[in-house]
Amino acid sequence: MNIDRYKKQIIFYGIGEAGQQKLLKSRVTIIGMGALGSVIANGLARAGVGYLRLIDRDYVDWSNLQRQVLFTEEDAKENLPKVIATKNHLTEINSEIEIEAISSDVNSSNIEGFIQDVDLVVDGTDNFEIRGLINEACDKHQVKWIYGGALASGGATMNILQGEETPCFRCFMDELPEEGTYDTCSTVGVTNAITGIIASFEVSEAIKILTDSDAVSTQYLAIDTYDNLIDYIDVEKNPNCPVCGQKQYTQLDSPAGSLSTSLCGTDSWQVASAANKKINLKLLAARLENVGDVNYTKFILSFKNEEVSFKIFPDGRAIFENVRDGIAAKTAYAEYIGL
Amino acid sequence: MESQQRQHTQNTSDYDEKKEEDLMTLKIIMVGSMKNAFGWKPSVTVDVDKDEITGEDLLSLIGLDRDEAKMFGFLLVNGTKVNREAAVDFIIKEGDTIKAFPKTFGG
């Protein structure tokens, strides 16, 4: 191992040689490999975090290139799964760390397996539901995690430290909103400045947590780059919090089932099944080639005809483009793939 | 006083009989995507015909009712976080620094 690559951060008083050794031995799961996740993964890989588990359900799209800093036009042309593209690029950046890439939906049936054997979970996701699930799983297994969110020109981040006096995500996000009732990057957009800034704060806090720093933030940080606002806000632990107070894991204990979810930043809907479904893309391509245009690799199959277009992964997840809603997506899944 | 930003007035039937100094003027800074509820303006200014108001009444006054404004996260009043529940009893007065934050989910 060439430790010289880290010498500029070893010189930094907050890390030093001891801190660098801690980073090299650390294990981190990053959930979401979009605008936040790509910056987080880049930062932690370059800092020498010894093991990174990257999880995302999506593939690289042309519209990602504005803010998802690790992806290239070639990745978009090939429609590579985001975690595969990320691993490819990170391996060229730091070949001395271990990177596990998992192209998968994260749901109640699999999240505990993704988080219980790591030191830290870092949030790169793009919806409220998954963050609630991360919060419950991490509370159950007492794994620290870092929340981060960004939309339009604003963003926020906070460390969830699993302390007796420190709040969890539900302590400050006191009400779960219904899907469709809040803005997304499809409706109001997002700048690469705010995603980069929030993700960089997540990287900084991750390094502090992993090196046992005394400077770990305990506050909620909110930033608006367009109107030049920065606020550090004290958040109290809610003694009646359903998660960290009452240990009610409603999302974690719910069966995942078959569900459709919209994908932030696109007009697409994902259909996924909780069952361990393995799709033979070659056989599926043979079945579909008579009813439309099909292309496939070992990672993904693309299909298009006059009625529908979709991409499907070997684990059975499919992303339908330009469909009316989640119900239409599930209907098309049943028709072309089988539910 | 930012007269060009006044948007709401309470008890308009009594307005003409009240003196200018009887009105409390509050400015609420909108952070991030919270601005989307107000035409992307950076702040909202309201006149209130009393010398104090609860957080919940203020939110209703500017159109962030509990049942409709699902994107609303919390207020920050003079550096103190005030969520929806706490806003029921939290008192706001003229001169308070008020910011409204959204729930931020994107990434």
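Residues numbered from 1 in each chain as written. Chains lettered and ligands numbered in written order. Predicted model: local features only at pLDDT ≥ 70, side-chain atom pairs only at ≥ 80, totals over all residues.

Draft legend 1. Structural view of the overall build of chain A. Helix and strand content of chain A: 12 helices and 14 strands. In chain A, which comprises 339 residues, the share counted as buried stands at 47%. For chain A, long-range pairs separated by at least 24 residues make up 66% of all intrachain contacts whose partners lie at least 6 apart in sequence. (Helix = DSSP H or I, 4+ residues; strand = E, 2+ residues; numbered from the N terminus. Buried ≥ 20, exposed ≤ 12 C-beta atoms within 10 Å, placed from the backbone. Contact = placed C-beta atoms within 7 Å.)

Draft legend 2. A look at the sheet that holds strand β5 (residues 144-151) of chain A. Residues and elements named next belong to chain A. Pairing in this open sheet of eight strands is mixed, and the strands run β3-β2-β1-β4-β5-β6-β7-β8 from one edge to the other. Looking at the sheet topology across the chains shown, the edges are occupied by β3 (98-103) and β8 (229-233). Taking the axes of each pair of neighbouring strands and ignoring which way they run, one obtains an average angle of 15° across the sheet. The sheet contact formed by strand β2 (residues 51-56) and β3 spans six bridges and is parallel. The partner of L54 across the bridge, within β3, is A101. (Pairing = 2+ DSSP bridges. Axes fitted to C-alpha atoms, helices over the stretch in contact; angles between N-to-C directions.)

Draft legend 3. Inspection of the domain arrangement of chain A at higher detail. Residues and elements named next belong to chain A. For chain A, the domain assignment lists domain 1 (3-233) and domain 2 (258-336). One C-alpha centre belongs to domain 1, the other to domain 2; they are set 27 Å apart. On the side of domain 2, 14 residues touch domain 1, which itself brings 19 residues to the contact. Looking at the side of domain 1 that touches domain 2 residue by residue, the classes come out as five nonpolar, nine polar and five charged. (Domains from an automatic or database assignment. Nonpolar A, V, L, I, M, F, W, Y, C, P; charged D, E, K, R; others polar.)

Draft legend 4. Structural detail: the pairing of strand β12 (residues 301-304) of chain A. Residues and elements named next belong to chain A. Of the two faces of β12, only one is covered, namely that formed by L301 and F303; the face formed by S302 and K304 stays uncovered. Pairing between strand β11 (residues 293-296) and β12: four bridges, direction antiparallel. Its bridge partner lying in β12, D293 is registered against K304. A loop of four residues connects β11 with β12, the two strands running antiparallel in sequence. Bridge analysis of β12 against strand β13 (residues 309-312) gives four bridges, and the strand direction is antiparallel. For F303, the partnering residue across the bridge sits in β13 and is F310. Count of turn residues in the β12/β13 antiparallel hairpin: four residues.

Draft legend 5. Structural detail: the packing of helix α3 (residues 35-47) of chain A against helix α5 (residues 82-93) of chain A. All names here are of chain A. It is at 10 Å that the axes of α3 and α5 come closest, and there the two elements cross at 25°. Viewed along their axes, α3 and α5 adopt a mutual orientation that is roughly parallel. Note that α3 runs across α5; the crossing there is right-handed. The segment α3 lies against α5, with S38, A41, A45 and R46 engaging T86, L90 and I93. (Parallel < 35°, antiparallel > 145°, perpendicular 65-115°, else oblique. Left-handed = near helix turned anticlockwise from the far one by under 90°.)

Draft legend 6. The interface of chain A and chain B, seen in detail. Counting residues at the interface gives 40 residues for chain A and 19 residues for chain B. Elements that contribute at least two residues to the side of chain A that touches chain B include exactly α3, β5, β6 (154-160), α9 (185-188), β7 (220-224) and β8 of chain A. Per element, the largest residue contribution to the side of chain A that touches chain B is four residues, and it comes from β5 of chain A. Its residues assigned to classes, the side of chain A that touches chain B shows 18 nonpolar, 13 polar and nine charged.

Draft legend 7. Highlighting helix α12 (residues 326-336) of chain A. Residue and element names in this part refer to chain A. Among the residues of α12, those classed as buried are A329, Y333 and Y336. On an axial view of α12, the arc spanned by its buried residues comes to 85°, and they lie on one face. Of the residues in α12, the exposed ones pointing more than 90 degrees away from the buried face are I327, A334 and E335. Looking one or two residues past α12, G338 carries a phi angle of roughly 105°, positive in sign. (Arc of directions from axis to C-beta.)

Draft legend 8. Layout of the packing of α3 of chain A against helix α10 (residues 192-210) of chain A. Residue and element names in this part refer to chain A. Contact pair α3 / α10: the axes reach a minimum separation of 8 Å and the direction vectors enclose 40°. Relative to α10, the element α3 is oriented oblique. Read as a crossing pair, α3 and α10 show a hand that is right-handed. Within the contact between the two elements, α3 uses A35, L36, V39, I40, G43, L44 and A47 and α10 uses N192, T195, G196, I198, A199, S200, E202, V203, A206 and I207. In the contact of α3 with α10, the residues fall into 11 nonpolar, five polar and one charged.

Draft legend 9. Spatial organisation of the nonpolar core. Residues and elements named next belong to chain A. Grouped together as the largest cluster of nonpolar side chains are 122 residues, with contacts concentrated most on A41, L44, V121, W145 and A206. Two domains each donate at least three residues to this core, and these are domain 1 (3-233) and domain 2 (258-336). Non-local contacts of A41, meaning those with residues more than four positions away in its chain, are made with I30, M33, L52, L54, L70, T86 and L90. (Core = buried A, V, L, I, M, F, W, Y, C linked by C-beta atoms within 7 Å.)

Draft legend 10. Region of the structure containing the environment of L252 of chain A. Residues and elements named next belong to chain A. Looking at the secondary structure, you find L252 in the loop between β8 and β9 (258-262). Placed 120 residues apart in sequence, L252 and G132 show a C-alpha to C-alpha distance of 8.9 Å. Look past the residues within four positions of L252 in its chain and what remains in contact with it is S108, L133, E136, A137 and K140.

Draft legend 11. How the structure looks around the pairing of strand β14 (residues 318-321) of chain A. Residue and element names in this part refer to chain A. Inspection of the sheet shows β13 paired to β14 by four bridges, in the antiparallel sense. By the bridge assignment, K311 is partnered in β14 with I319. In sequence, β13 turns back onto β14 through a hairpin of five residues, with G316 there showing a positive phi of about 95°.

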